[in-house]
Amino acid sequence: MKSIVMHKAYGLENIAIRERPTPVINENEVLVRVKAVSFNKLDMMIAQGALEKPLPHTLGSDAAGIVEQIGSRVTALNVGDAVSTHYIQAWQSGALKNSDLKTRLGAELPGVFSEYIAIPEHYLVKIPVNLSLEEAASIPLAGVTAWEAVFNAGLLQKGQTVLLQGTGGVSLFALQFAKTIGARIIILSGSDEKLQRAKTLGADEIINYKKEEDWAKKVLELTQGNGVDLALEMSWTDIDKTTKAMKLGGRIAVVGMLGGILAEVSVLGVMLKSLSIIGVQAGSKSSFLEMNKAIEANNIKPVIDKVFALSELKQAVDYFGKGQHFGKIVLKF
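Here is a short report on the structure shown in this document. (Residues numbered from 1 in each chain as written. Predicted model: local features only at pLDDT ≥ 70, side-chain atom pairs only at ≥ 80, totals over all residues. Heavy atoms only, no water.)

Considering the overall build of the protein
Moving on, step 1. Check the secondary structure of the protein and you find 10 helices and 16 strands.
Moving on, step 2. Its C-alpha radius of gyration of 20 Å places the protein within 12% of the 20 Å reference for a compact globule of 333 residues.
Moving on, step 3. Split into buried and exposed, the 333 residues of the protein put 53% on the buried side.
Moving on, step 4. In the protein, 68% of the contacts between residues at least 6 apart in sequence involve partners at least 24 apart.
Moving on, step 5. When the accessible area of the protein is evaluated, it comes to approximately 14600 Å², of which 51% is carbon and sulfur surface.
Moving on, step 6. Of the charged side chains in the protein, 36 are positive and 34 negative; the average position of the first set lies 1 Å away from that of the second. (Helix = DSSP H or I, 4+ residues; strand = E, 2+ residues; numbered from the N terminus. Rg over C-alpha atoms; globule rule 2.2 N^0.38 Å. Buried < 20%, exposed > 50% of the residue type's maximum accessible area, 1.4 Å probe, protein only. Contact = heavy atoms within 4.5 Å. Areas by Shrake-Rupley, 256 points an atom, 1.4 Å probe, with all protein chains shown as cover. Lys, Arg positive; Asp, Glu negative; His and termini not counted. Charge placed at Lys NZ, Arg CZ, Asp CG, Glu CD.)

Given below as C-alpha cells:
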C-alpha cells in the first residue's frame with residue numbers, strides 16, 4: 001500500500017509517498033480502506049520535526065474510509081461501514097487524562113495517511129449520514145476541536161457573541177456550530193473576499209484586521225462596549241487585543257498557535273476582566289458523536305476549499321503552506 005511518510009529526514013520538502021506493507025488486523029481491530037484524508041497545521045509541524053519522531057514516520061490524524069475487514073471480537077462495526085478516525089484514540093469520554101495523550105494519531109502514534117489502516121473498533125467513528133467521505137475526512141481534528149471550544153470549553157449559549165479568527169477549518173466549523181444555537185458571530189480575516197464568503201455561511205459581523213488595525217475597538221463598538229462572551233484564539237500574536245475585546249467574565253478558548261508557541265499576555269488585562277483562558281486539544285469520542293448528531297440534524301456541510309488526488313501530494317502541501325485556503329484541504333486516496 002501507499003503511505004505518506006517522513007522517510008529519511010524532516011522538512012516539508014521531504015514529505016513523500018512510499019510503499020509499505022498492508023497491515024494485518026488483530027481480533028479487536030478493523031481494516032479500513034482509506035478514501036480521503038485532510039491536512040491540519042499539526043501535520044506540517046510534525047513533518048518539520050516538531051516532535052522529533054523516529055523516522056520513517058507516517059503522517060496524518062484525519063482520515064475517512066470503508067471498513068473492509070473486521071476482527072473476530074469486533075461487534076460495533078461491520079464490513080462496508082463508512083468511518084472516520086478519532087484523533088486522541090483513548091479519550092473516549094470525560095476529562096482528558098495524561099495517558100490519553102500517548103494515543104494521538106500522527107503524533108505519538110503512527111499517522112493515518114495510508115491506503116489501509118488497522119485500528120481498534122472503539123477508536124473509529126461512523127460518519128454522519130449526510131456527509132461524503134471527503135467531507136467526513138475533514139472533521140476529526142478541526143471539527144471536533146471547534147465543537148469542544150464552542151460548547152464544552154466555551155459554554156456558548158443562544159444569544160451570546162463569539163469572536164472567530166481567520167477562515168480555516170476550525171473557525172468555519174465553529175461558525176456553523178454557533179449558528180445552530182442562535183449565537184451572534186463576529187469573524188476576523190485579512191481578506192475581504194473570505195469575509196464575504198464567511199457572511200454567506202452566517203457570520204453576523206465581519207472585520208478585516210488589516211484595514212482595521214485596532215480591531216478590538218471595533219469589536220467593542222459592535223457589542224455596545226460589552227465585548228464578546230467567547231473568543232477562539234488561533235494565533236496569540238494579538239492576544240492582548242483579544243483580551244481587550246472580551247466581556248467581563250468571558251472565555252478565551254485557545255485552539256491554535258499560528259503566531260508561534262510564545263506570546264506576551266497582559267496579566268492585568270486578564271485579571272481586570274476576570275477572564276478564563278482554556279487550552280483545547282480536540283475532544284473525546286463522546287464529543288465527536290455529539291458533534292456528528294448536530295451535523296446530521298442541521299445538515300451541516302464542512303467547507304472544503306480544494307480536493308487533491310494522491311498523485312498531487314506536492315501541490316497539495318504547497319497550497320496548504322501558502323495559507324490562502326478557505327476551509328479544509330482534502331487529499332483523495
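Brief notes about the sheet that holds strand 4 (residues 57–58)
Moving on, step 1. A sheet is described by the order of its strands in space; here 3 strands give the open sequence 2-1-4, paired in antiparallel fashion. Only two strands of the sheet have a single partner each, and these edge strands are strand 2 (15–19) and strand 4.
Moving on, step 2. Pairing geometry for strand 1 (residues 2–6) and strand 2, over 5 bridges, is antiparallel. Looking at strand 2, one finds that Ile 4 is bridged to Ile 17. (Pairing = 2+ DSSP bridges.)

Structural notes on helix 10 (residues 313–322)
Moving on, step 1. When helix 10 is considered as a whole, its buried residues turn out to be Leu 313, Ala 316, Val 317 and Phe 320. Buried residues of helix 10 fall within an arc of 95° about the axis and therefore sit on the same side. Summarising the geometry of helix 10, the exposed residues directed more than 90 degrees from the buried face are Lys 314 and Lys 322.
Moving on, step 2. Just past helix 10, the residue Gly 323 takes up positive phi, approximately 65°. (Arc of directions from axis to C-beta.)

Some thoughts on the packing of aromatic side chains
Describing an aromatic ring pair means giving the distance of the ring centres and the angle of the ring planes.
Moving on, step 1. With the rule as written, the count across this model stands at 6 aromatic pairs.
Moving on, step 2. Geometrically, the ring pair formed by Phe 173 and Phe 177 is stacked, given 6.0 Å between the ring centres and 25° between the ring planes. Of this pair, Phe 173 and Phe 177 both sit in helix 4 (residues 169–180), 4 residues apart, which is roughly one turn of the helix.
Moving on, step 3. On the accessibility criterion, Phe 173 (2% relative accessible area) is buried. (Phe/Tyr/Trp six-rings, centres within 6.5 Å; stacked < 30°, edge-to-face > 60°.)

A closer look at the packing of helix 3 (residues 142–153) against helix 4
Moving on, step 1. Two numbers describe how helix 3 lies on helix 4: the axes approach to 8 Å, and their chain directions differ by 50°. Regarding the angle of helix 3 to helix 4, the classification is oblique. As for how helix 3 packs across helix 4, the hand of that crossing is right-handed. Every residue of helix 4 that contacts helix 3 at Ala 142, Gly 143, Thr 145, Ala 146, Trp 147, Val 150 and Phe 151 is listed here: Gly 169, Val 170, Phe 173, Ala 174 and Phe 177.
Moving on, step 2. Taken together, the residues that form the contact of helix 3 with helix 4 break down as 9 nonpolar, 3 polar and no charged. (Axes fitted to C-alpha atoms, helices over the stretch in contact; angles between N-to-C directions. Parallel < 35°, antiparallel > 145°, perpendicular 65-115°, else oblique. Left-handed = near helix turned anticlockwise from the far one by under 90°. Nonpolar A, V, L, I, M, F, W, Y, C, P; charged D, E, K, R; others polar.)

Structural notes on the packing of helix 3 against helix 9 (residues 285–297)
Moving on, step 1. At a minimum axis distance of 10 Å, the contact between helix 3 and helix 9 shows a crossing angle of 90°. Between helix 3 and helix 9, the angle falls in the class roughly perpendicular. Across the interface between the two elements, Gly 143, Val 144, Trp 147, Glu 148 and Asn 152 from helix 3 touch Ser 287, Phe 288, Glu 290, Met 291 and Ala 294 from helix 9.
Moving on, step 2. Split by residue class, the contact of helix 3 with helix 9 holds 5 nonpolar, 3 polar and 2 charged.

Here's the deal with the pattern of salt bridges
Moving on, step 1. Following the criterion strictly, the structure yields 14 salt bridges and no others.
Moving on, step 2. Ionic pairing is found between Lys 2 and Glu 19, a salt bridge with its closest N-O pair at 3.4 Å. Taken as a pair, Lys 2 in strand 1 and Glu 19 in strand 2 lie far apart in primary sequence, 17 residues in all.
Moving on, step 3. By relative accessible area, which is 33% here, Lys 2 ends up partly exposed.
Moving on, step 4. For Glu 108, the salt bridge identified is with Arg 104, shortest N-O distance 2.7 Å.
Moving on, step 5. The class of Glu 108 is partly exposed, set by a relative accessible area of 29%.
Moving on, step 6. When its relative accessible area of 16% is taken as the criterion, Arg 104 is described as buried. (Salt bridge = Lys/Arg side-chain N within 4 Å of Asp/Glu carboxyl O.)

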